[in-house]
Structure formats: structure tokens, C-alpha cells
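Single-letter residue listing:
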Amino acid sequence: MLPSKLKAAPVMELFHSPATARSVPFALYIAFLVLAPLVQKILPGWDSRWFYAVQIGAVMVALAVFSRSYVELFAGVAVRARDWALAISVGVVVFIAWINLDLPWATLGETQGFAPTRGDGTLNWALVAVRIFGAAAVVPIMEELFWRSFILRWIDRSDFLRLAPAMVSLRALLISSLLFGVEHDLWFAGLLAGLAYAWLYVRSGSLWPPIAAHALTNLLLGLWVVQTNHWKFW
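In this report, the structure presented in the accompanying data block is examined. Since the structure is predicted, the reported quantities are computational estimates derived from the model, not experimental observations.

Quick word on the overall build of the chain
Then step 1. Looking only at helices and strands, the chain features eight helices and zero strands.
Then step 2. Along the chain direction, N to C, the helices and strands of the chain fall in the order α-α-α-α-α-α-α-α.
Then step 3. Taking 234 residues into account, the globule formula puts the C-alpha radius of gyration at 17 Å, and the chain, at 19 Å, falls close to it.
Then step 4. Each principal axis of the C-alpha distribution contributes one length, and for the chain these read about 60 × 50 × 30 Å.
Then step 5. Counting only residues that meet the buried cut, the chain has 43% of its 234 residues in that class.
Then step 6. Counting contacts in the chain only where the partners sit at least 6 residues apart, residues at least 24 apart contribute 73% of the total.
Then step 7. As displayed, the chain offers around 12,500 Å² of accessible surface, 69% of which is attributable to carbon and sulfur atoms.
Then step 8. If the 17 positive side-chain charges of the chain are averaged to one point and the 13 negative ones to another, these points end up 8 Å apart.

Concerning unusual backbone geometry
Then step 1. Its identity is not glycine, yet asparagine 229 carries a phi of approximately 65°, on the positive side.
Then step 2. Along the chain, the position of asparagine 229 falls in the segment after helix H8 (208–228).
Then step 3. Classification of asparagine 229 as partly exposed rests on a relative accessible area of 47%.

Examining the packing of helix H2 (residues 18–42) against helix H3 (residues 51–65)
Then step 1. At their nearest, the axes of H2 and H3 sit 9 Å apart, and the two run at 160° to each other. Here H2 lies roughly antiparallel to H3, going by the angle between them. Considering how the two elements wind past one another, H2 and H3 form a crossing that is right-handed. For the pair H2 and H3, the contacting residues are Val24, Pro25, Leu28, Tyr29, Phe32, Leu33, Leu35, Ala36 and Val39 in the first and Phe51, Tyr52, Val54, Gln55, Ile56, Ala58, Val59, Ala62 and Leu63 in the second.
Then step 2. Residues belonging to the contact of H2 with H3 are distributed by class as follows: 17 nonpolar, one polar and no charged.

Things to note about the environment of leucine 221
Then step 1. Along the chain, the position of leucine 221 falls in helix H8.
Then step 2. C-alpha separation for the pair leucine 221 and serine 69, spaced 152 residues apart in sequence, amounts to 30 Å.

Overview of H2
Then step 1. In a regular helix each residue adds 1.5 Å, so 25 residues correspond to 36 Å; H2 covers 36 Å between its end C-alpha atoms and thus fits that length.
Then step 2. Along its length, H2 shows its largest kink, about 40°, at leucine 35, and proline proline 37 lies within four residues downstream of that point.
Then step 3. Of the residues making up H2, those classed as buried are Thr20, Ala21, Arg22, Pro25, Phe26, Tyr29, Phe32 and Val39.

Criteria and cut-off values
- Residues numbered from 1 in each chain as written.
- Predicted model: local features only at pLDDT ≥ 70, side-chain atom pairs only at ≥ 80, totals over all residues.
- Heavy atoms only, no water.
- Helix = DSSP H or I, 4+ residues; strand = E, 2+ residues; numbered from the N terminus.
- Rg over C-alpha atoms; globule rule 2.2 N^0.38 Å.
- Buried < 20%, exposed > 50% of the residue type's maximum accessible area, 1.4 Å probe, protein only.
- Contact = heavy atoms within 4.5 Å.
- Areas by Shrake-Rupley, 256 points an atom, 1.4 Å probe, with all protein chains shown as cover.
- Lys, Arg positive; Asp, Glu negative; His and termini not counted.
- Charge placed at Lys NZ, Arg CZ, Asp CG, Glu CD.
- Axes fitted to C-alpha atoms, helices over the stretch in contact; angles between N-to-C directions.
- Parallel < 35°, antiparallel > 145°, perpendicular 65-115°, else oblique.
- Left-handed = near helix turned anticlockwise from the far one by under 90°.
- Nonpolar A, V, L, I, M, F, W, Y, C, P; charged D, E, K, R; others polar.
- Expected span 1.5 Å × (residues − 1).
- Bend = angle between axes of the 7 residues up to and from the residue.

Now the structure itself:
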């Protein structure tokens, strides 16, 4: 019989793998989306909108647990001022495209969105704050680690950390961006966003410009949604 330490080794190796570290936070986020309707049925008296806070909290814990694996966030790659400026521009352009591409052919079904309002129609600012924080501060890090750092490079090379962002193929860029698109209800806007964020990553060699652009897009979208009450975009 093999010693328990040897038996556990493959499991621990899988747990600490770069792919696992970038997949678990994303998988948790998607799992909570799937579970939300079930939780609402089980706890009909609970305001299920607060489930988003639990979802974001779980993702934050996962990111913290695996934080030492995210070498691309601490690699010390110098980002040029031009790339930061492009990140800001991309964030704004993607936001504008997002709110103008809710066309029937560019949408996967209907969504009710997230309406942080009370029974009298006034805003619940605690819900607003949680939603904007999650969308602008947590989701960009989680998604860029998964889609750009992992999936984009993994399509070309299984040991993806050894592949420089500048060396990814057009095929990988298109496939990863399309998959990123269909993750969202506004699939075509998501496709364009995926291409834009991937371009920033390839150009700069750092994950921070696409994270910054993604965060700015989500921040602007959140502020616009609250201002206009277009809850379906949330």
C-alpha cells in the first residue's frame, strides 16, 4: 500500500496547478449564477439579490487562496504610459459599444437584470455599492486571469505560463474572445470586448492594462445603469 503522502501528491499537485488557480474563482462565479434561482426557491422570503454579495465574497476568497499562483500580476513587467492610455480608451469604447449593442441578433435570450430598488422604487444604495464593487473591482481580475492569462494562452500551449502574451496566435485570440462573448447575454458586445482586452494584453505583455480597461468598462456601465435605470444591462 502506498503511503498517504504519495496518494495525496497528485491531488495537491492538481490543486496548486496554474490552470486550477485561474479556473476555480471563475468556476465559483458561474456556479453561483446557476445556483441563484434554486436558492430563491429554497428561501423565498430572503432578498435573493444579496446572493451576489455571497458570490463576490466566495470569488474573493478563492483569489486570495490562490494569490501566490498569479505570477503575472507580480511579474514586474513595465507598462508604458501609452498602454495605460489605451486601456482607458478601450474601457470607454467598450462601454459605449456595450450599451448600444442590445440588438435582437446580438443577444442571447432575455434577462431581467439586477434592480437594486426597494418596494417604493427608491435605490437601495447598499445593493448598488456591492454590485458596483463586485463588477468593477473583483470580476475584472477574476475574468482576466481566466480568459486572457489562462485560456488565451492555453489554446496555443498547455504550459501556458511559458508563452509570452505577444506570441499568442490569431486562432487563440479569436476562439477565446468568442467564448468570452457567449459567456454574456450580449454575446456580440462580449466578443468585441474580449478582442479588445486580449489586444491590450498582447500589446502590453502585462495583464494589468486589460484588467484596468475591464474595470473601467464595468464601472462606467454600473454608473450609467444606476443613472438611467436600465437594469437589464446588470
